[in-house]
Amino acid sequence: NGENFNYAFYYSTLKNATYLSLPRATNVDYAFYYTTISGNTLNLSIPLATSLPYTFAYSGIQNVNLQATGNLTNLSYAFYNSTLKNITGLDLSNVTNMDYAFGYTYITSVDMYAPMLTTAKYTFRNCTSLKNFKFIAPALTSVDSYFLSGVSSFDRVEVDLTSYTGNISYLVKGAPYM
C-alpha cells in the first residue's frame, strides 16, 4: 500500500543532500516543510507519490530533480514560498491541481506540459525571477487573477490554454502583456 513519509524532515537541516530515493512512499505531505537543504541539486525519486501538498513549502531548496513517474495528481502548495530556483524531471501528465504550487519562489524558467491540469490558482504569483515561461495546459478551466501577478518581465513566453474561456487579461492581471 505504500509508505507514509509525511513530515519526515519537517523543520530539519540537510547538509550536502544530493540523492534521496523513496521507492515505496505514497505520502510525502510536508516532508521537507521549513527544511534547510544545502548542496547543489537534490535528486529525489518518489515514483509512487500521488500528491505533494506543502512538500517543499517554506524550505531552503534551490535546485531539485524530481522523479515522480506520472502518478502525481496534486501539486498544491508543493514549493510555495521556498527558495526554489530550478526544477527538472517533473512529470505533470496526470496533475489536475497546481494551486499555489510555485508561488513566491525564485524559479527562473518554466517549461511545463500539463495535459490534465484543470485548476491553477496563484500558481506563479510573485515569482519575480521568472523570465522564460512555456506553459501548456489544454484542459485548464479554473484560474484566478493572481496566476502570474507580481512577475515583472518575460524574455520568452509560450502559452496554450485551449479550454480556458475566461478573459486572458484577467489571467495575467499584474503580469506583463503577453
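Residues numbered from 1 in each chain as written. Predicted model: local features only at pLDDT ≥ 70, side-chain atom pairs only at ≥ 80, totals over all residues. Heavy atoms only, no water.

Undergrad: How do you make sense of the layout of surface pockets when you look at a structure like this?
TA: Empty pockets left among the atoms are what a rolling probe the size of a water molecule brings to light. Estimates place the volume of the largest pocket at around 150 Å³. In terms of lining, the largest pocket is formed by I87, T88, G89, L90, L92, S109, V110, D111, M112 and Y113. Elements with a contribution of two residues or more to the lining of the largest pocket: strand 8 (86–88) and strand 9 (109–113). It is strand 9 that contributes the most residues to the lining of the largest pocket, 5 residues altogether. Within the lining of the largest pocket, the residues separate by chemical class into 6 nonpolar, 3 polar and 1 charged. (1 Å grid on protein atoms, 1.4 Å probe; cavity = no way out; pocket = protein on both sides within 12 Å on 5 of 7 lines; lining within 4 Å. Points joined across faces, edges and corners; volume = space filled by probe spheres on them. Helix = DSSP H or I, 4+ residues; strand = E, 2+ residues; numbered from the N terminus. Nonpolar A, V, L, I, M, F, W, Y, C, P; charged D, E, K, R; others polar.)

Undergrad: Before we go on, may I ask you to explain the sheet that holds strand 9 in this structure?
TA: Whenever strands of a sheet pair, they do so through backbone hydrogen bonds, lying parallel or antiparallel. On the basis of which strands lie adjacent, the open sheet formed by 3 strands has the order 9-11-13 and parallel pairing. With partners counted over all chains shown, the strands left at the sheet margins are strand 9 and strand 13 (156–160), one partner each. The sheet shows a mean angle of 10° between the axes of neighbouring strands, direction not considered. Summarising the sheet, strand 9 and strand 11 (residues 132–136) pair through 5 bridges and their orientation is parallel. Across the sheet, M112 pairs through a bridge with F135, a residue of strand 11. (Pairing = 2+ DSSP bridges. Axes fitted to C-alpha atoms, helices over the stretch in contact; angles between N-to-C directions.)

Undergrad: I keep staring at the nonpolar core and nothing clicks. Help me out?
TA: Soluble, globular proteins show a tendency: their nonpolar side chains are buried together. Counting residues in hydrophobic clusters, the biggest one holds 51 residues, and the most contacted among them are L75, M98, F102, F124, L130 and F135. Of all the secondary structure elements, the ones that give two or more residues to this core are strand 6 (42–45), strand 7 (63–67), strand 9 and strand 11. In this structure L75 touches L52, L90, L92, V95, N97, M98, D99 and A101, once residues within four positions along its chain are discounted. (Core = buried A, V, L, I, M, F, W, Y, C linked by side-chain atoms within 4.5 Å. Buried < 20%, exposed > 50% of the residue type's maximum accessible area, 1.4 Å probe, protein only. Contact = heavy atoms within 4.5 Å.)

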